[in-house]
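Understanding the architecture of this molecule
Residue-level listing of the chains:
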Amino acid sequence: MQEQGPEMEIVHLLRAVTVELGLHSARFANRNDMHPTDVRALIALMDASRAGEELTAGRLGAELGLNSAGTTALVDRLERAGHVRRVRGERDRRQVVVRIEERAVELGRSFFGPLIGRAVELLGDCDERERAAIRRFLGGVRDAAAEARD
């Protein structure tokens, strides 16, 4: 068993935060008759939109670790619920991309907004050096988790 030091205390705290965020996301999915993968898909689509990227169904499925049939079922389900739509790509009109609808963004904002607001408030209490350390740490953990997945 690893020693319990200040680093492990932070690792355990990160694990607890991850669990709480997962439970919060599951409550959102449950309240809105969604599967947890639906929520992950909407987050991926919002992140892509914020980055100015377009996601095809295939690329969305790859990001979520779904096969082709699972991806089609997911996009069909989200489209029927009015959360996404399939449209021609702006950069390549031959491609069909999945675009998140503003209705889905607003639904997420109404549920997650207070939590996001509190996180922003907490970060506002940090100076730039502290925010840089937090950013570096979280980015490193994200990269480590992605490497472990691959």
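Worth saying up front: this structure is predicted, and the values here are computed from it rather than measured. (Residues numbered from 1 in each chain as written. Predicted model: local features only at pLDDT ≥ 70, side-chain atom pairs only at ≥ 80, totals over all residues. Heavy atoms only, no water.)

1. Points about the packing of aromatic side chains
Applying the stated criterion to the full structure yields three aromatic pairs. When the ring of F28 is compared with that of F112, the centres are 5.0 Å apart and the planes differ by 50 degrees; the resulting orientation is tilted. Here the residue F28 occupies a position in helix α1 (residues 6-31), and F112 occupies one in helix α5 (residues 102-124), the gap between them amounting to 84 residues. You'll find F28 and F112 in the same group, each marked buried. Every member of this aromatic cluster is reached through a ring pair, and the members are F28, F111 and F112. (Phe/Tyr/Trp six-rings, centres within 6.5 Å; stacked < 30°, edge-to-face > 60°. Helix = DSSP H or I, 4+ residues; strand = E, 2+ residues; numbered from the N terminus. Buried < 20%, exposed > 50% of the residue type's maximum accessible area, 1.4 Å probe, protein only.)

2. Comments concerning the pairing of strand β3 (residues 96-100)
Moving residue by residue along a regular strand, the side chains alternate between the two faces of the sheet. The pairing of strand β1 (residues 55-56) with β3 spans two bridges and is antiparallel. Pairing of T56 across the sheet is with V97, part of β3. (Pairing = 2+ DSSP bridges.)

3. Some words on the sheet that holds β3
The antiparallel open sheet is built from three strands, whose spatial order is β1-β3-β2. The outermost strands of the open sheet, each flanked by one partner alone, are β1 and β2 (84-88). Where β2 lies against β3, five bridges are found, and the strand directions are antiparallel. The residue bridging R88 from the neighbouring strand is V96, located in β3.

4. Regarding unusual backbone geometry
A positive phi angle, close to 50 degrees, is found at D33, a residue other than glycine. Note on placement: D33 falls in the loop between α1 and α2 (36-50). Residue class for D33 comes out exposed when judged on its relative accessible area of 76%.

5. Remarks on the pattern of salt bridges
This structure, assessed with the given rule, holds 16 salt bridges. Between E101 and R85 there is a salt bridge, and its shortest N-O distance comes to 3.0 Å. Of the two residues, E101 is situated in the loop between β3 and α5 and R85 in strand β2; the sequence distance between them amounts to 16 residues. Overall, the relative accessible area of 22% leaves E101 in the partly exposed class. (Salt bridge = Lys/Arg side-chain N within 4 Å of Asp/Glu carboxyl O.)

6. Description of the environment of T56
Along the polypeptide, T56 turns up in strand β1. Not counting residues within four places of it along the chain, the set of residues in contact with T56 comprises Q95, V96, V97 and V98. (Contact = heavy atoms within 4.5 Å.)

7. Things to note about the nonpolar core
Nonpolar side chains in soluble globular proteins tend to be buried together. L42, L45, L60 and V84 are the most contacted members of the largest nonpolar core, which has 22 residues in total. Put simply, the parts of the chain that give this core at least two residues each are α1, α2, α3 (57-64), α4 (68-80), β3 and α5. If one sorts the elements of this core by residue count, α2 sits on top with six residues. (Core = buried A, V, L, I, M, F, W, Y, C linked by side-chain atoms within 4.5 Å.)

8. Re the packing of α2 against α3
Here α2 crosses α3 at 120 degrees, and the two axes come no closer than 10 Å. Between α2 and α3, the angle is such that the two are oblique. Read as a crossing pair, α2 and α3 show a hand that is right-handed. Residues T37, R40, A41, A44 and L45 of α2 lie in contact with α3, whose contacting residues are L60, E63 and L64. (Axes fitted to C-alpha atoms, helices over the stretch in contact; angles between N-to-C directions. Parallel < 35°, antiparallel > 145°, perpendicular 65-115°, else oblique. Left-handed = near helix turned anticlockwise from the far one by under 90°.)

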